[in-house]
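Understanding the architecture of this molecule
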Amino acid sequence: MTRIVTALAIVAGLSATPIAAQTGPAAAAGKAAFSNDNRPQDRLARIRAARMPTITAPVMFNTPEADAILSALEIFPPDNPWNQVVADWPLHPNSRNIIASIGADKPLRYNPDMSFILVPPDQRRVPVEIVGYPGESDGGPFPVPDNVPIEGWPVCSLRDRRHRGWTLDDLQRDREGRGGDRHAIVLDPVNRLLYEFFVMNKTDRGWTAMQASRFDLKTNQLRPDGWTSADAAGLPIFPAVVRHDELQRGLVEHALRVTVVKTRRAYVAPATHYASRHTDEDYPRMGERIRLRQDYDLSGFSPPVQAILRGLKTYGMFVADNGIDWAISVAPDERIPVLHEELRRVKGAAFEVVIPAGAAGG
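Notes on the structure in this doc start here. (Residues numbered from 1 in each chain as written. Predicted model: local features only at pLDDT ≥ 70, side-chain atom pairs only at ≥ 80, totals over all residues. Heavy atoms only, no water.)

**A word on empty space enclosed by the protein**
This is how it is decided: Definitions used throughout: a 1 Å grid over protein atoms alone; a cavity as a set of points that fits a 1.4 Å probe which cannot get out; a pocket as an open set with protein on both sides within 12 Å along at least five of seven lines; a lining residue as one with an atom within 4 Å of a point. Grid points are joined across faces, edges and corners, and a volume is the space filled by probe spheres set on the points. Counting from the N terminus, the helices are DSSP H or I runs at least four residues long and the strands are E runs at least two residues long.
For the coordinates displayed, the defined rule picks out four cavities of 30 Å³ or more. For the largest cavity, the calculated volume is near 150 Å³. In terms of lining residues, the largest cavity is bounded by 16 residues, among which Arg43, Ile75, Arg243, Glu253 and His254 are the most central. Contributing elements (two or more residues each) for the lining of the largest cavity: α3 (40-49), α4 (64-71) and α8 (244-249).

**Quick word on the packing of aromatic side chains**
Short version of the rule: Stacked, tilted and edge-to-face are the three classes applied to pairs of Phe, Tyr and Trp rings, where Trp contributes its six-membered ring and a pair requires centres within 6.5 Å; stacked means planes under 30 degrees apart, edge-to-face means over 60, and tilted covers the rest. Categorising residues by exposure relies on relative accessible area from a 1.4 Å probe, with only protein chains included: less than 20% of the type maximum marks a residue as buried, more than 50% marks it as exposed, and the intermediate range marks it as partly exposed.
All chains considered together, the criterion is met by eight aromatic pairs. With 5.4 Å between their ring centres and 40 degrees between their planes, Phe61 and Phe116 make a pair best called tilted. Taken together, the residues span a long stretch of sequence, with Phe61 in the loop between β1 (59-60) and α4 and Phe116 in the loop between β2 (109-112) and β3 (117-118) at a distance of 55 residues. Each member of the pair, Phe61 together with Phe116, is buried. Here Phe142 and Tyr195 contribute two aromatic rings whose centre-to-centre distance is 6.1 Å and whose plane-to-plane angle is 75 degrees, an arrangement assigned as edge-to-face. Note that Phe142 is positioned in the loop between β4 (128-130) and α6 (155-159) and Tyr195 in strand β6 (residues 193-198), a separation of 53 residues in sequence.

**Thoughts on the environment of Ala269**
Tracing the backbone shows Ala269 in the loop between β10 (256-260) and β11 (289-292). Taking C-alpha positions, Ala269 is 9.8 Å from Gly234, a pair spaced 35 residues apart along the chain.

**Things to note about the nonpolar core**
The following threshold applies: The set of buried Ala, Val, Leu, Ile, Met, Phe, Trp, Tyr and Cys residues whose side-chain atoms join them within 4.5 Å is what this entry labels a nonpolar core. Note on definitions: a residue-residue contact is assigned when non-hydrogen atoms from the two residues lie within 4.5 Å.
Judged by nonpolar contacts, the single largest core of 92 residues is most densely connected at Val144, Phe197, Leu309 and Phe351. With residues up to four places along the chain from it excluded, the contact list for Val144 reads Gln123, Arg124, Val126, Val128, Val186, Phe197, Met200 and Trp207.

**Comments concerning the sheet that holds β6**
Applied cut-off: Whether two strands pair depends on DSSP finding at least two bridges between them.
Ordered by their spatial adjacency, five strands build an open sheet running β1-β3-β5-β6-β9, and the pairing between neighbours is mixed. Each having just a single partner strand, β1 and β9 (211-216) make up the two edges of the open sheet.

Right under this line is the structure:
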């Protein structure tokens, strides 16, 4: 299933910003990826101590109500790959060549793309017609509310000339037939169930999607081997998205997702699917784990960007889909400042591919 992520015009059109030379010892802020204030056990204790607010109606992601809910949500068990600390994992033997194939001189970028909605446990379930990959989709009906956001909402209507002035209904119906990946993400935080859709469309007859995936956030269960998801790698998207509530706390406490132009015809767990014909071992596999170097200096970056970069040192990121090189996903939340110029100071050479401790290189 070969798919290319459609980037927002504001991302594709930005010019590069020079990076300051990374020489000499790293500043204290960038030297340690793992300190007393970002231990996984502290994260887990904080989440379990928080009280989940009562949810009686759908809650959009870009609200204080969503922040409170997400702050009390345990996303996968503590030993899940998305929650694993990779700061001390061994270097992949082919790391240098894999990084070069993505682009050692290319900048880190982001897409303000993955919007989502939180629904109550009794949300009405509706049919979604699967029109592309029914054999690799989970069955419905699904708890999709009428106001489910489509990828990029609402930032696309504010910053992207192509969608300026659009309503949510315009985007749901793809009023002008612009296409794209059109991800839709629905989360039931009480039951800890996640539903993700690829190429979601609203029609007069109801909802259609190319693919639908269901993830139980209480377990470590993967997609069936060889199955895709709303992401080409067969991975969930929501656990990888940079959110407003975690930027406010000062640390992204999970692995991120990253897209690259060329991947290999292979995948590594927790990925379950590849999306390439290339067999060159210098290309990354779907599910390849990449982290920011521990000696990368974070001083001089703003607090929100430091929160992202500290997360990349601690938890890393998974190669999840084909698309713009070095592009991570950030919620299209108007409360999150524009991060492009700062993130572009980080080049591909600042990253390295790792393998799980005790495992053989791929």
